[in-house]
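Observations on chain architecture
Spelled out from the first residue to the last, the chains are:
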Amino acid sequence: MNFYLDDPNLGRLLQKYLDPQFFEWAEKECTEFGAMCAEEIDERAAHTDREGRPKLIKYNRYGEDVSKVWVNEGYLKTVEQVYNKGIVGYVHKNIPDLGRRGNYVYAFTQGYLLSQAEPGFYCPVTLTAAAAFLLDHYGSEELKQAYLRQLISTGEVERFEGATFLTERQGGSDVGANETRAVAEGGHYRLYGEKYFASNAGMCGVAMVLARREGVPSGTKGLSLFLVPWEKENGEKHGIYIRRLKDKLGVRAVPSAEVVFDGAKAYLVGDPAKGFYYMMEALNLSRVCNAVASIGIMRRAYREARAYALRRTAFGHRLADYPMVKETLVKMAAKQEVETSAVFRLARLFDRTAFGKADKKEQIMARLLIALLKMETAEQAIHFAHEAIEMHGGNGYIEDFVTPRLLRDAQVLTVWEGTANILGLEVLRLMRKFNAHEMFIKEMKRKTSVLQAGALLSAGIEQLEETCRFVMEAKDEAAQTYHCKRIAKQMVKIFESVVALEDAGTGERQKSVVEAFLQLTWHDPLCIDPEMAFVKNFDEIVLETVLGN
């Protein structure tokens, strides 16, 4: 079993977005990593989820608070294998075989493969990537020298995983309500306060933490960013304690904790007035990773549903012979492939913004698409996990199969990095501040003018334009916020349809996928379909990829 070789759409996307030399190297690496994820990492993930969850060792034998986190040996092996493959490091340093730095398109490809086996561990990877991003972009040379090599290690030096601690009990999504204090002490600071949902606590070597210096204003403008080494330095008082680990519904591989700072040593990162801005930059990276994890779960759920439907018989026929099952599998295949293409389109744009190559318009469009696709993919991951369970019937509810874990792990993706309501408000904020809706509509009109878009897509753009006009002219704040998620949903439908149409010329199967996607997206599902559109292309869309591997 190999998650990379089983997914020809992924290979097509890599070939599209990487130059020939990079693609040749990446395909070899992804083939090896795809097998690793589908076999040994997947097996270890099942153990971690059930018997091998992280545990808090609060006190040592002398009764001293040590706040250590235990993880199983298989999890540690996964940590070593994944980071040594450069999933974080090769964004920031040269790939030895190529003599040049990698990019986020390749890193997200690795994350996509990993998330099909262990989306729980992709959370610490994301946090390490975010910490490395913040340190590389905004840290002083002294801090980089001290900590960056460990954060981006691929085995040549001691490895530090990373973390980003934002959430506090009284704040939640309202980060401006955070109360953790930073007290100056010589050339560094001491932190006092607590973080209520701190993922990768106890496993990270470095945490990036928002805290408020003394005498600064309340709200987000008063927050500064600090680098906090997890281990104590030179025998000093540690000052970091774990109150408890969260007992989570899913993603059990990552230890999420309530962390108390009581004099923890911390170093200021960048401009003290821009801490919240820096963390939001890292949050955008995390949101793309969230979307990548979502399409990974979608892919695994579809793969499991397809395999079961082709194997299981009922009433004398395979499940896959029944029209309703064919319809479900075609819908899943079309939606997952187009949504994956959309996320990788965003990944290419994110590369440009992360490396300072994007102009102002591209930066705004990147922020808009991040909000849109994070929202949509997270919701679809849950839907796909549900469909896979239903395809399995009672077996889908049994822990012998991967489907219950997929549903548990998918559920958090709608919450992490911002709920749908928060993301809807982000879309509204971009509309108010930058007229992002006008940029989006203009670009979609330009693209559809040269594509065979169809009347329904054109009508959808007109409807979006009308809704945006109403919202921007509304004097009532409630009316604007009430409609912002509707705008986001319509934008997603339009953007993914355009991506699908632009990919339609790559082969007959791809044309069939696009036809199915547009039918799924724009046609009333309750209307009579005498041609049974989702059934007629079943062999080409679903069976061709099975037979081809």
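For the structure, see preceding data.
The shown structure was predicted, so the numbers you read here are calculated from the model rather than taken from an experiment. (Residues numbered from 1 in each chain as written. Predicted model: local features only at pLDDT ≥ 70, side-chain atom pairs only at ≥ 80, totals over all residues. Heavy atoms only, no water.)

On to empty space enclosed by the protein, then. Enumeration according to the criterion identifies four cavities of 30 Å³ or more in this entry. Lining the largest cavity are 13 residues, and of these Ile 87, Tyr 104, Ala 107, Ala 129 and Cys 289 lie nearest its centre. Elements with a minimum of two residues in the lining of the largest cavity: helix H4 (104-115), helix H5 (119-138) and helix H7 (275-311). Per element, the largest residue contribution to the lining of the largest cavity is four residues, and it comes from H5. Of the residues contributing to the lining of the largest cavity, the split by class is 11 nonpolar, two polar and no charged. (1 Å grid on protein atoms, 1.4 Å probe; cavity = no way out; pocket = protein on both sides within 12 Å on 5 of 7 lines; lining within 4 Å. Points joined across faces, edges and corners; volume = space filled by probe spheres on them. Helix = DSSP H or I, 4+ residues; strand = E, 2+ residues; numbered from the N terminus. Nonpolar A, V, L, I, M, F, W, Y, C, P; charged D, E, K, R; others polar.)

With that settled, consider the pairing of strand S2 (residues 65-70). Residues in a regular strand project their side chains so that they alternate between the two faces of the sheet. Alignment of strand S1 (residues 55-59) against S2, held across four bridges, turns out to be antiparallel. Directly across from Ile 57, in S2, lies its bridge partner Lys 68. Adjacent in sequence and paired antiparallel, S1 and S2 are bridged by five residues, among which Gly 63 carries a positive phi angle near 80°. (Pairing = 2+ DSSP bridges.)

Okay, the packing of aromatic side chains next. The tally for this structure, following the rule as stated, stands at 17 aromatic pairs. Ring centres of Tyr 138 and Tyr 278 lie 4.0 Å apart, and the angle between their planes is 25°; on these two criteria the pair is classed as stacked. On the criterion of sequence distance, the pair formed by Tyr 138 in helix H5 and Tyr 278 in helix H7 is long-range, its members being 140 residues apart. With centroids separated by 6.5 Å and ring planes inclined at 35°, the aromatic side chains of Phe 165 and Phe 261 adopt a geometry described as tilted. Pair noted here: Phe 165 is in strand S5 (residues 161-165) and Phe 261 is in strand S11 (residues 256-269), with a separation of 96 residues, a long-range link. Take Phe 165: its relative accessible area is 0%, and that puts it in the buried class. Following the ring pairs from residue to residue traces out a cluster consisting of Phe 22, Trp 25, Tyr 90 and Tyr 106. A cation over an aromatic ring shows up here: Lys 246 above the ring of Tyr 196, its NZ or CZ 3.5 Å from the ring centre. Looking at Lys 493, its charged tip hangs above the ring of Trp 522, at a distance of 4.5 Å from the centre. (Phe/Tyr/Trp six-rings, centres within 6.5 Å; stacked < 30°, edge-to-face > 60°. Buried < 20%, exposed > 50% of the residue type's maximum accessible area, 1.4 Å probe, protein only. Lys NZ or Arg CZ within 6 Å of the ring centre and 35° of its normal.)

That's the geometry; what it means functionally is another story.
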